[in-house]
Amino acid sequence: MIDHTKPNLTFDKIEAASLRHKAYITLQKAIIELDFKPGELLKKSELCKSLGISRTPLSEAIALLVQDGLVEVVPQAGTYVARFSIDELKEGAFIREALEVAAVRKLASSITEQNSIELRRNLRLQRAYIDDKDVQGFYSLDSQFHSIILDATGFRKLSRLADTAWMNVNRVRRLLLPVPGRIEATYDEHEKIFSALKQQDIGLSEKVLKEHLGKLMTYVAPLEKNHPEYFLIG
């Protein structure tokens, strides 16, 4: 006979995990999209209220964000959105390039009609968002373009690994997209990558992808100068 006076531990655990996940995903998205600025204090009481959760799942979510390198907990001071580290940005860019170059080489040697359709459709939408001056919409399609390349390898964990390495780079890219001419340049670079892939030219595909990804750090230096409050000193 089931004792209904005892708590449903399985359900409780699932509910707790769900609340933690909800808080984690919501805060991660807000931090990456710069709704919370680097160095900003995260007020737990306000977050609990806005998310509709207690302190326990929030603290667990924050612990995951610390692992992502998006949040820093300073004893006796508070919880802050992590500032940008040039060394970490370089490392993230290096890892992402290594993964995506391997992916684009594999795709160039075996691109399918379906792969081409997905990339071509993405580029058409990119053009539409540029014409509509929808920066956020373009940003999402930019990320999707690279995910299509990674996913086309058939390796299911590749996009997740790349996204994890690229997390802080994604944050700083939010500051780059408003740079005059950068969106149009990004679109043109995507077009070159697609053209090389369609030609199944492995060497050219690698070359234009590296050039595209390599542009990032050339734009970061001015950002560090213009927004020193967002970067770690030294």
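Structure: above.
Figured I'd write up the structure that's included with this text. (Residues numbered from 1 in each chain as written. Predicted model: local features only at pLDDT ≥ 70, side-chain atom pairs only at ≥ 80, totals over all residues. Heavy atoms only, no water.)

**With respect to the overall build of the protein chain**
At step 1: In terms of regular secondary structure, the protein chain is built from ten helices and three strands.
At step 2: Here the C-alpha coordinates of the protein chain stretch approximately 65 × 55 × 35 Å along the principal axes.
At step 3: If you take every contact in the protein chain between residues at least 6 apart in sequence, the share linking residues at least 24 apart comes to 75%.
At step 4: Within the structure as shown, the protein chain displays about 13,400 Å² of accessible surface, and the carbon and sulfur contribution to it stands at 55%.
At step 5: Where the 33 positive side-chain charges of the protein chain centre and where its 32 negative ones centre are 1 Å apart. (Helix = DSSP H or I, 4+ residues; strand = E, 2+ residues; numbered from the N terminus. Contact = heavy atoms within 4.5 Å. Areas by Shrake-Rupley, 256 points an atom, 1.4 Å probe, with all protein chains shown as cover. Lys, Arg positive; Asp, Glu negative; His and termini not counted. Charge placed at Lys NZ, Arg CZ, Asp CG, Glu CD.)

**Thoughts on the packing of helix 6 (residues 135-151) against helix 8 (residues 167-176)**
At step 1: Helix 8 packs onto helix 6 with a crossing angle of 145° between their chain directions and a minimal axis gap of 11 Å. Note that helix 6 runs across helix 8; the crossing there is right-handed. When helix 6 is examined against helix 8, the residues Q136, Y139, D142 and S143 are found in contact with a partner set consisting of N170, R173 and R174.
At step 2: Of the residues assigned to the contact of helix 6 with helix 8, the class counts are one nonpolar, three polar and three charged. (Axes fitted to C-alpha atoms, helices over the stretch in contact; angles between N-to-C directions. Left-handed = near helix turned anticlockwise from the far one by under 90°. Nonpolar A, V, L, I, M, F, W, Y, C, P; charged D, E, K, R; others polar.)

**Concerning the sheet that holds strand 2 (residues 71-74)**
At step 1: Here three strands make up an open sheet; going across it, the order is 1-3-2 and the pairing antiparallel. Each edge of the open sheet is held by one strand with a lone partner, namely strand 1 (41-42) and strand 2. (Pairing = 2+ DSSP bridges.)

**So, the environment of L58**
At step 1: For L58, the position within the fold is in helix 3 (residues 55-68).
At step 2: Placed 37 residues apart in sequence, L58 and H21 show a C-alpha to C-alpha distance of 9.3 Å.
At step 3: In contact with L58, other than residues within four places in its own chain, are L27, K44, L47, C48, L51 and I53.

**A word on helix 10 (residues 202-226)**
At step 1: Along its 25 residues, helix 10 runs 38 Å from first to last C-alpha, staying within 8% of the 36 Å computed at 1.5 Å per residue.
At step 2: All of the buried residues in helix 10 are S205, E206, V208, L209, H212, L213, L216, V220 and L223.
At step 3: Looking at the packing, one finds that the buried side of helix 10 touches helix 4 (86-110), helix 6, helix 8 and helix 9 (182-198).
At step 4: The N-terminus of helix 10 is capped by D201, whose side-chain oxygen sits 3.3 Å from the backbone nitrogen of G203. (Expected span 1.5 Å × (residues − 1). Buried < 20%, exposed > 50% of the residue type's maximum accessible area, 1.4 Å probe, protein only. Polar contact = N/O pair within 3.5 Å; in protein donor to acceptor, adjacent residues only side chain to side chain.)

**Observations concerning the environment of D68**
At step 1: As for its position among the elements, D68 is in helix 3.
At step 2: In this structure D68 comes out as buried when scored by relative accessible area, which is 18%.
At step 3: For the pair D68 and A82, spaced 14 residues apart in sequence, the C-alpha separation works out to 10.0 Å.
At step 4: If we skip the residues at most four places from it in the chain, D68 touches Y24, Q28, M167 and N168.
At step 5: Of note is the side chain of D68, whose polar atom sits 2.6 Å from the side chain of Y24.
At step 6: At a separation of 3.3 Å, a polar atom in the side chain of D68 contacts the side chain of Q28.

**Topic: the packing of helix 6 against helix 7 (residues 158-165)**
At step 1: The N-to-C vectors of helix 6 and helix 7 enclose an angle of 135°; their axes lie 9 Å apart at closest approach. The angle between helix 6 and helix 7 places the two elements in the oblique class. Where helix 6 abuts helix 7, its residues S147, L150 and D151 lie against L158, S159 and A162.
At step 2: Looking at the contact of helix 6 with helix 7 residue by residue, the classes come out as three nonpolar, two polar and one charged. (Parallel < 35°, antiparallel > 145°, perpendicular 65-115°, else oblique.)

**What to know about unusual backbone geometry**
At step 1: In the Ramachandran plot, K133 falls in the positive-phi region, its phi being about 55° despite a non-glycine side chain.
At step 2: Relative to the helices and strands, K133 is located in the loop between helix 5 (113-131) and helix 6.
At step 3: By relative accessible area, which is 73% here, K133 ends up exposed.
At step 4: At Q200, a residue that is not glycine, the phi angle is positive and equals roughly 55°.
At step 5: Under the relative-accessibility criterion, Q200 is labelled partly exposed at 42%.

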